[in-house]
Amino acid sequence: AQTVTQSQPEMSVQEAETVTLSCTYDTSESDYYLFWYKQPPSRQMILVIRQEAYKQQNATENRFSVNFQKAAKSFSLKISDSQLGDAAMYFCAYGTNYGGSQGNLIFGKGTKLSVKP
Amino acid sequence: DAGVIQSPRHEVTEMGQEVTLRCKPISGHDYLFWYRQTMMRGLELLIYFNNNVPIDDSGMPEDRFSAKMPNASFSTLKIQPSEPRDSAVYFCASSFGGIYGYTFGSGTRLTVV
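Being a predicted model, the structure only gives us computed values, none of them experimental.

(A) Here's a closer look at the overall build of chain B. Looking only at helices and strands, chain B features zero helices and eleven strands. Walking chain B from its N terminus toward its C terminus, one meets helices and strands in the order β-β-β-β-β-β-β-β-β-β-β. In terms of C-alpha radius of gyration, chain B reaches 13 Å, essentially the compact-globule figure of 13 Å for 113 residues. Over its C-alpha atoms, taken along the principal directions, chain B stretches across nearly 35 × 25 × 25 Å. Here chain B, with 113 residues, has 50% of them falling under the buried criterion. Look at the contacts in chain B between residues 6 or more apart in sequence, and 53% of them connect residues 24 or more apart. Of the roughly 5400 Å² of accessible surface on chain B, 52% is carried by carbon and sulfur atoms. Charged side chains in chain B number 10 positive and 12 negative. The centres of these two groups are separated by 4 Å.

Encoded structure:
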């Protein structure tokens, strides 16, 4: 069974600095998707960034980028120029699009990010 | 499109009562998912539908839980009878083709007292 592990329950970063959140996963599949979701206190699940496993290039979205290491099954999120609005829970998630599990996202337990002014 | 719409946003009920949570997916999406979020277990899939047909309900905790999708624009998750351990945030999400355009609703916070 696929699993997703986030080893940092809490992280803290100074405003304008850079922070990296870690995520590892376990799967025997070769074709899959990885996601980072942000959940602010409003509890809305907001997609931050997505990576297709077949793509070697790391995904980027403005200040957010990932370091995808497929062989190591690692998928970390880097937030550059941190802003107060980045404070939230961040969830790493794994999903596939075939077989009997289309769209079933498996989530890590989350990392609570605090941003200090 | 207004996104995935869930109602109610908050629900407080007494143990033993029936609770119905509602979800309207994004128009054109053919997959609908129900998740539950708790501090202890995190986010876990309860059930998902494809073209209104339940595909996998192995995450439904017990027979007190049931879900329906009578048409492409509406789904319900029902708990009968409710228990305090059912207290959680319940999310509905919809997508196209399984993984594309995956969008969550704003969730329903359920408190059973």
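(B) Highlighting the pairing of strand β8 (residues 64–69) of chain A. All names here are of chain A. As paired strands, strand β7 (residues 60–61) and β8 are joined by two bridges and run antiparallel to one another. Bridging across to β8, T60 finds its partner in S65. Two strands pair when backbone bridges link them, and β8 and strand β9 (residues 74–79) are joined in this way by six bridges, in the antiparallel orientation. Bridging from a neighbouring strand, N67 pairs with S76 of β9. Joining the antiparallel neighbours β8 and β9 is a turn of four residues, in which K73 adopts a positive phi near 55°.

(C) Layout of the sheet that holds strand β3 (residues 19–24) of chain B. All names here are of chain B. Spatial strand order, β1-β3-β8-β7: four strands in an open sheet with antiparallel pairing. Taken across any chain shown, the strands that pair with only one partner, and hence form the sheet edges, are β1 (5–7) and β7 (65–71). Between one strand and the next, the sheet's axes are offset by a mean angle of 15°, whatever the strand orientation.

(D) Region of interest: the environment of D86 of chain B. Residue and element names in this part refer to chain B. Structurally, the position occupied by D86 is in the loop between β8 (74–79) and β9 (88–96). Using a relative accessible area of 1% as the deciding quantity, one classes D86 as buried. Through-space distance from the C-alpha of D86 to that of G59 is 14 Å; in sequence the pair is 27 residues apart. Those residues in contact with D86 that sit more than four places away from it in its chain are R64, F65, I79, P81, L110 and V112.

(E) Structural view of the environment of Q51 of chain A. Residues and elements named next belong to chain A. Mapping Q51 onto the fold places it in strand β6 (residues 46–52). Note: C-alpha distance between Q51 and Y32 (19 residues apart in sequence) is 8.7 Å. When near neighbours in sequence (up to four residues on either side) are disregarded, Q51 contacts Y32, Y33, L34, Q57, N58, A59, V66, F68 and F75. At a separation of 2.9 Å, a polar atom in the side chain of Q51 contacts the main-chain amide nitrogen of A59.

(F) Fine view of unusual backbone geometry. Note that the residue after S7 of chain B, namely P8 of chain B, is joined by a cis bond; omega there is -10°. Unlike most non-glycine residues, R43 of chain A shows phi in positive territory, near 70°. Along the polypeptide, R43 of chain A turns up in the loop between β5 (33–39) and β6. Located in the positive-phi region is D81 of chain A, a residue other than glycine, with phi close to 50°. Within the secondary structure, D81 of chain A is located in the loop between β9 and β10 (88–95). Residue D81 of chain A is classed as partly exposed on the basis of its relative accessible area of 39%.

(G) Expanded view of the interface of chain A and chain B. The interface is formed by 21 residues belonging to chain A together with 25 residues belonging to chain B. Taken over both partners, the interface formed by chain A and chain B buries close to 1800 Å², and the fraction arising from carbon and sulfur atoms is 50%. Seen at the junction of chain A and chain B, the total is zero salt bridges. Remark: the boundary between chain A and chain B carries nine residue pairs in polar contact (both at pLDDT 80 or more). Broken down by element, the side of chain A that touches chain B gets its largest block of residues, four residues, from β5 of chain A. Its residues assigned to classes, the side of chain A that touches chain B shows seven nonpolar, eleven polar and three charged.

The rules behind each value
- Residues numbered from 1 in each chain as written.
- Chains lettered and ligands numbered in written order.
- Predicted model: local features only at pLDDT ≥ 70, side-chain atom pairs only at ≥ 80, totals over all residues.
- Heavy atoms only, no water.
- Helix = DSSP H or I, 4+ residues; strand = E, 2+ residues; numbered from the N terminus.
- Rg over C-alpha atoms; globule rule 2.2 N^0.38 Å.
- Buried < 20%, exposed > 50% of the residue type's maximum accessible area, 1.4 Å probe, protein only.
- Contact = heavy atoms within 4.5 Å.
- Areas by Shrake-Rupley, 256 points an atom, 1.4 Å probe, with all protein chains shown as cover.
- Lys, Arg positive; Asp, Glu negative; His and termini not counted.
- Charge placed at Lys NZ, Arg CZ, Asp CG, Glu CD.
- Pairing = 2+ DSSP bridges.
- Axes fitted to C-alpha atoms, helices over the stretch in contact; angles between N-to-C directions.
- Polar contact = N/O pair within 3.5 Å; in protein donor to acceptor, adjacent residues only side chain to side chain.
- Buried area = accessible area lost by both parts, 1.4 Å probe.
- Salt bridge = Lys/Arg side-chain N within 4 Å of Asp/Glu carboxyl O.
- Nonpolar A, V, L, I, M, F, W, Y, C, P; charged D, E, K, R; others polar.

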